[in-house]
Structure formats: structure tokens, C-alpha cells
Amino acid sequence: MKLTIIGASGHGKVVADIAKLRGYDEIEFLDDDENLTQCGCYSVVGKTDKALEIDNDVFIGIGNASIRKRFQEQLRNKSLVTLIHPDAVIADDVNIGIGTVIMAGAVINSGAKIGKCVIINTCSSVDHDCVVDDFAHVAVGAHLCGTVNVGESTWIGAGATVSNNVNVCENCMIGAGAVVIKDIEEEGTYIGVPVRKYR
């Protein structure tokens with residue numbers, strides 16, 4: 001099986017490792033930086049516009065939510081895949097959207113719904129009945145307690161915790177190590193324990 005990954009970066013390397021574990025024996029990258037020829041042990045074979053021409057499986061390996069969304073819209077007729085590390089723990093009834101990656105050590109519990117092109121990063125957890133909307137990112141070691149809703153394109157920073165029954169609106173950035181204990185209804189950057197909006 002062949003996979004083309006858009007975005008030759010550290011994130012892309014991790015995606016490629018998951019793809020290899022999932023049976024892809026031919027992996028290549030596309031990136032608009034003409035100086036890049038390799039990403040890890042894989043070749044960068046051209047710019048991202050080449051993705052419109054290929055017929056094999058494609059994954060958008062870019063951390064930035066707005067760029068990920070733009071590529072998803074451009075490639076909606078291509079064979080976008082979902083990648084799940086074999087060491088992730090996922091309940092049987094979890095719904096996972098196309099183009100999402102779930103990394104090693106992640107736990108997603110019963111009733112959760114994960115949107116399209118979401119990143120559930122290494123050793124993070126999404127507890128029961130959570131909703132993580134499209135293009136969101138639950139970063140390394142972040143934890144969503146039960147019945148949390150995370151809006152589209154929101155980033156939950158490394159090691160952050162969102163308490164149970166809390167809603168976080170779209171287009172937010174929750175800082176590393178932050179603790180969210182009540183609803184966030186206004187877009188922006190939030191830091192601290194408990195979080196406050198960063199001016």
C-alpha cells in the first residue's frame with residue numbers, strides 16, 4: 001500500500017511511523033519547501049500541489065489547523081485516510097472522522113465522537129461522551145474529562161486538563177499545563193490554573 005503525506009515535519013515523521021505500523025510499505029512526502037528532500041527515512045517527492053494528481057491514499061500531516069482545513073477542502077475527492085496507532089486504546093463505539101490521527105498511548109473512551117482531520121496526540125486521553133470537533137488538536141499528554149465538547153480548530157495544549165461537562169468553543173488555544181474548569185465561550189488564547197484569557 002502507498003501513502004502520500006502532506007507536510008514534511010516532525011509531526012509528519014510520527015504520522016509516517018503510524019502508517020508503517022498500519023501496513024503501508026511505500027510512504028512519500030510532499031512539501032512546499034524546495035530545500036527538503038527527506039523526512040526521516042522517506043523521500044520528499046514534490047510540492048503539495050502534486051497531491052491533486054495522485055491516486056493513492058493521502059494523509060494531511062500538518063499541525064496547523066487552518067492549513068489542515070484548507071488542504072482537506074482541496075482534497076475532498078481524494079482518498080484521505082485515518083491513522084490509528086496500534087497502541088492506542090479506543091472503545092468500540094467511538095466515532096472517528098476521516099483524516100484523523102490517533103497516536104501511541106492515546107485513550108478514547110466510550111461514546112466519544114472525534115471529527116475529521118483531528119489530532120489526538122501521544123498519551124492524551126478523551127473520556128466518555130466527549131465531542132472533539134473537526135481540525136481540533138488534543139496535544140501530548142492533555143486530558144479531556146467526561147462529556148467535554150471541544151470546538152472546531154481548537155488546540156488543547158500539552159499537559160492541559162479540561163474538567164468534566166465543560167464546553168470549549170472553536171478557534172481557541174489552551175496553553176500547556178492549563179486547567180479548564182468552566183465553559184469557554186469566546187475565541188482566544190487561555191492560560192493558567194485555572195485558565196484566564198490571555199490579552
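Fair warning: this is a prediction, and the values are worked out from it, not measured in the lab. (Residues numbered from 1 in each chain as written. Predicted model: local features only at pLDDT ≥ 70, side-chain atom pairs only at ≥ 80, totals over all residues. Heavy atoms only, no water.)

Let's talk about the overall build of the protein
Part 1 of the reasoning: On a plain count of helices and strands, the protein comes out with 2 helices and 24 strands.
Part 2 of the reasoning: Projected onto the principal axes, the alpha-carbon positions of the protein cover approximately 45 × 40 × 30 Å.
Part 3 of the reasoning: Out of the 199 residues belonging to the protein, those deemed buried represent 47%.
Part 4 of the reasoning: As displayed, the protein offers around 9,300 Å² of accessible surface, 48% of which is attributable to carbon and sulfur atoms.
Part 5 of the reasoning: Side chains of the protein give 17 positive and 26 negative charges; the mean places of these two sets differ by 4 Å. (Helix = DSSP H or I, 4+ residues; strand = E, 2+ residues; numbered from the N terminus. Buried < 20%, exposed > 50% of the residue type's maximum accessible area, 1.4 Å probe, protein only. Areas by Shrake-Rupley, 256 points an atom, 1.4 Å probe, with all protein chains shown as cover. Lys, Arg positive; Asp, Glu negative; His and termini not counted. Charge placed at Lys NZ, Arg CZ, Asp CG, Glu CD.)

Looking at the domain arrangement of the protein
Where the parts come together, the accessible area they lose is often given as the size of the interface.
Part 1 of the reasoning: Looking at the protein, the domain boundaries give domain 1 (2–75) and domain 2 (83–188).
Part 2 of the reasoning: Listed per partner, the contact involves 18 residues of domain 1 and 17 residues of domain 2.
Part 3 of the reasoning: Both faces combined, the contact of domain 1 with domain 2 buries some 1,400 Å², and carbon together with sulfur accounts for 72% of it.
Part 4 of the reasoning: The largest share of the area that domain 1 buries against domain 2 comes from I18, F59 and R68, three residues that together contribute 36% of it.
Part 5 of the reasoning: Counting every contact that joins domain 1 to domain 2 gives 1 salt bridge.
Part 6 of the reasoning: The tally of links from domain 1 across to domain 2 stands at 5 residue pairs in polar contact (both at pLDDT 80 or more).
Part 7 of the reasoning: Mapped onto the side of domain 1 that touches domain 2, the elements with two or more residues apiece are helix 1 (10–21), strand 5 (57–60) and helix 2 (65–74).
Part 8 of the reasoning: Among the elements that take part in the side of domain 1 that touches domain 2, helix 1 stands out by supplying 7 residues, more than any other.
Part 9 of the reasoning: Its residues assigned to classes, the side of domain 1 that touches domain 2 shows 11 nonpolar, 3 polar and 4 charged. (Domains from an automatic or database assignment. Contact = heavy atoms within 4.5 Å. Buried area = accessible area lost by both parts, 1.4 Å probe. Salt bridge = Lys/Arg side-chain N within 4 Å of Asp/Glu carboxyl O. Polar contact = N/O pair within 3.5 Å; in protein donor to acceptor, adjacent residues only side chain to side chain. Nonpolar A, V, L, I, M, F, W, Y, C, P; charged D, E, K, R; others polar.)

As for the sheet that holds strand 12 (residues 119–120)
Part 1 of the reasoning: The 8 strands are arranged 6-9-12-15-18-21-23-24 in an open sheet whose pairing can be described as mixed. Only two strands of the sheet have a single neighbouring strand rather than two, namely strand 6 (83–84) and strand 24 (196–197).
Part 2 of the reasoning: In this structure, strand 21 (residues 172–174) lies alongside strand 23 (residues 188–191), joined through 3 bridges in parallel fashion. Its bridge partner being in strand 23, M173 is matched across the sheet by T189. (Pairing = 2+ DSSP bridges.)

Structural notes on unusual backbone geometry
Part 1 of the reasoning: Here V193 and P194 are connected by a cis peptide whose omega angle stands at -10 degrees.
Part 2 of the reasoning: For P194, the location among the structural elements is in the loop between strand 23 and strand 24.
Part 3 of the reasoning: In this structure, T147 is a non-glycine residue whose phi angle is positive, near 55 degrees.
Part 4 of the reasoning: By the secondary structure assignment, T147 is in the loop between strand 16 (143–144) and strand 17 (149–150).
Part 5 of the reasoning: The backbone phi angle of N171 is positive, close to 55 degrees, even though this residue is not glycine.

Observations concerning the UniProt feature "site: Increases basicity of active site His" (unreviewed entry) in the protein
Part 1 of the reasoning: With numbering matched to this structure, UniProt assigns "site: Increases basicity of active site His" (unreviewed entry) to D129.
Part 2 of the reasoning: By the secondary structure assignment, D129 is in the loop between strand 13 (125–126) and strand 14 (131–132).
Part 3 of the reasoning: Leaving out residues up to four positions away in the same chain, D129 has contacts with S110, G111, A112, T147 and V148. (UniProt positions renumbered as here; feature names shortened; annotations may be inferred.)

A look at helix 2
Part 1 of the reasoning: Within helix 2, the full set of buried residues consists of A65, R68, F71 and Q72. Buried residues along helix 2 cover an arc of 130 degrees about the axis, so they all sit on one side.
Part 2 of the reasoning: On the buried face of helix 2, the contacting elements are strand 1 (2–6), strand 5 and strand 12. (Arc of directions from axis to C-beta.)

Thoughts on the pattern of salt bridges
Part 1 of the reasoning: Counted by the stated rule, this structure contains 5 salt bridges.
Part 2 of the reasoning: Salt-bridge contacts for E26 lead to K2; the nearest nitrogen and oxygen are separated by 3.9 Å. Of the two residues, E26 is situated in strand 2 (residues 26–30) and K2 in strand 1; the sequence distance between them amounts to 24 residues.
Part 3 of the reasoning: On the basis of relative accessible area, K2 is assigned to the partly exposed category, the value being 28%.
Part 4 of the reasoning: The salt bridge involving E152 is made with K69; its shortest N-O contact spans 2.8 Å. Note that E152 is positioned in the loop between strand 17 and strand 18 (155–156) and K69 in helix 2, a separation of 83 residues in sequence.

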